[in-house]
Amino acid sequence: MKIFKWILGLLGIVVVLLSILAFVAKSKGETKIANHYPSDFDDVVIPTDSLSIVLGKYLAESHGCQKCHGANFSGAMVADAPPFLVNASNLTSGKGGVGSVFSDGDWLRAIRHGVGQDGRGLIVMPSEAYYYFSDVEVGA
Ligand code: HEC
């Protein structure tokens with residue numbers, strides 16, 4: 001019988017430790033999500049000539065943007081496993097798209113640095129893969 005008491009005591013300790021761990025992880029995660037980042041990163045010229053547009057289209061199509069943002073960039077569900085629902089934004093300038101409200105700086109911050117318009121980190125957007133775009137590439 002004494003062994004049961006031991007096991008129960010041990011289980012109690014494990015439960016308490018796990019609860020503390022979960023609490024710490026939750027508050028650390030929340031702090032990370034709420035973090036605001038500086039918004040004056042770089043000053044890249046966004047060109048509008050036809051060659052740059054073609055380059056931009058090529059880069060967007062060859063770097064997997066459509067895998068998450070949808071074939072026509074109008075947004076798509078990336079993960080649909082409640083409670084984890086991840087929606088990749090509509091990047092077009094149509095209704096609900098960020099294209100109609102984003103400044104040049106907003107695009108740069110999001111693509112290169114993974115920072116949203118509100119200064120918060122974009123959690124799923126894989127900006128680390130696009131950080132090394134040159135100024136010409138990211139501008140395009
Ligand atoms: C692995 C999936 C994935 C890929 C690949 C991806 N994105 Fe994203 N992107 C996201 C998600 C999801 C968001 C929404 C914010 C978040 O949760 O990270 C986002 C947000 C953005 C935003 C900010 C929009 C907003 O609502 O603030 C821009 C701009 C953007 N992506 C552009 C791109 C471009 C350009 C590419 C390709 C070079 C690309 N993304 C590739 C998943 C992806």
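Remember, predicted model here, so these are calculated numbers, not experimental data. As a convention, each chain's residues are numbered from 1 in the sequence order in which they are written. Restriction of local features to residues with pLDDT of at least 70 applies here, the model being predicted, together with a cutoff of 80 or more for giving and counting side-chain atom pairs; totals for whole chains, interfaces and linings are based on all residues. The basis for the side-chain values is all heavy atoms of the structure; hydrogens and waters are excluded.

Participant: Honestly, the overall build of the chain in this entry has me stumped. Any pointers?
Facilitator: Counting from the N terminus, the helices are DSSP H or I runs at least four residues long and the strands are E runs at least two residues long. Within the chain, the regular secondary structure consists of 5 helices and 2 strands. Here the chain has a C-alpha radius of gyration of 22 Å; the compact-globule value for 140 residues is 14 Å, and the former is much larger. In terms of overall dimensions, the chain has C-alpha extents of about 80 × 30 × 25 Å along its principal axes. Burial classes: relative accessible area under 20% of the type maximum marks a residue as buried, over 50% as exposed, and values in between as partly exposed (1.4 Å probe, protein chains only). Burial statistics for the chain: of 140 residues in total, 19% are counted as buried. Restricting the contact set of the chain to residue pairs at least 6 apart, pairs at least 24 apart contribute 38%. As displayed, the chain has an accessible area near 10,300 Å², and 67% of this comes from carbon and sulfur atoms. Side chains of the chain give 11 positive and 13 negative charges; the mean places of these two sets differ by 19 Å. Restricting the calculation to C-alpha atoms gives the radius of gyration, and the globule rule supplies 2.2 Å times the number of residues raised to the power 0.38. Should any heavy atoms of two residues lie within 4.5 Å, those residues are counted as being in contact. Calculation of accessible area relied on Shrake-Rupley with a 1.4 Å probe; when residues are assessed, cover is drawn exclusively from the protein chains displayed. The sign given to each residue is positive for Lys and Arg and negative for Asp and Glu; His and the chain ends receive no count. To locate a charge, take atom NZ for lysine, CZ for arginine, CG for aspartate or CD for glutamate.

Participant: What is the right way to look at the coordination of the iron atom of the ligand in this model?
Facilitator: Any two of four tetrahedral donors ideally make an angle of 109.5 degrees at the metal, while pairs among six octahedral donors ideally make 90 or 180 degrees. Because water is not among the atoms used, a metal site may look incomplete, as its donors are only the N, O and S atoms within 2.8 Å, or 3.2 Å for Na, K and Ca. Protein coordination of the iron atom of the ligand is provided by His69 (NE2) and Met125 (SD), with donor distances spanning 2.0 to 2.2 Å. For the iron atom of the ligand, the 6 donor atoms in the first shell make angles of 88 to 179° at the metal, so the coordination geometry reads as octahedral. With His69 in helix 3 (residues 65–69) and Met125 in the loop between helix 4 (104–113) and helix 5 (135–139), this residue pair connects regions lying 56 residues apart in the sequence. A relative accessible area of 11% means that His69 is categorised as buried. On the accessibility criterion, Met125 (23% relative accessible area) is partly exposed. For a four-donor site, all angles between 85 and 135 degrees give tetrahedral; for four or six donors, opposite pairs above 155 degrees with the remaining angles between 65 and 115 give square planar or octahedral; all remaining cases count as irregular.

Participant: Where do I start with the site of the ligand in this structure?
Facilitator: When we say a residue is near a molecule or strand, we mean one of its heavy atoms is within 4 Å of it. Taken together, 20 residues lie around the ligand, and Cys65, Cys68, His69, Ser89 and Met125 are the ones closest in. Taking His69, its side chain carries an N or O atom lying 2.8 Å from a nitrogen atom of the ligand. Those elements that place two or more of their residues in the shell around the ligand are helix 3, strand 2 (84–88) and helix 4. Residues were grouped as follows: Ala, Val, Leu, Ile, Met, Phe, Trp, Tyr, Cys and Pro as nonpolar; Asp, Glu, Lys and Arg as charged; and all remaining residues, including Gly, as polar. In terms of residue class, the shell around the ligand is built from 16 nonpolar, 4 polar and no charged. Under the rule applied, a polar contact is a pair of N or O atoms within 3.5 Å (in protein, one hydrogen donor and one hydrogen acceptor; residues adjacent in sequence only if both atoms are side-chain atoms).

Participant: Could you clarify how one ought to interpret the environment of Ala81 in this entry?
Facilitator: As for its position among the elements, Ala81 is in strand 1 (residues 76–81). Overall, Ala81 belongs to the partly exposed group, its relative accessible area being 42%.

Participant: Got a minute to help me understand the pairing of strand 1 in this structure?
Facilitator: The side chains of a regular strand alternate between both faces of the sheet. Only when DSSP finds a minimum of two bridges between them are two strands counted as paired. One ladder, built from 5 bridges, connects strand 1 with strand 2; its direction is antiparallel. Note that in strand 2 the partner of Ala76 across the bridge is Ala88. What sits between the antiparallel neighbours strand 1 and strand 2 is a turn of 2 residues.

Participant: What is the right way to read the nonpolar core from this model?
Facilitator: Definition used in this section: a nonpolar core is a set of buried Ala, Val, Leu, Ile, Met, Phe, Trp, Tyr and Cys residues joined via side-chain atoms within 4.5 Å. Val44, Leu59, Leu108, Tyr130, Phe133 and Val138 together form the largest nonpolar core, which totals 6 residues. If we skip the residues at most four places from it in the chain, Tyr130 touches His63, Gly64, Cys65, Ile111, Arg112 and Met125.

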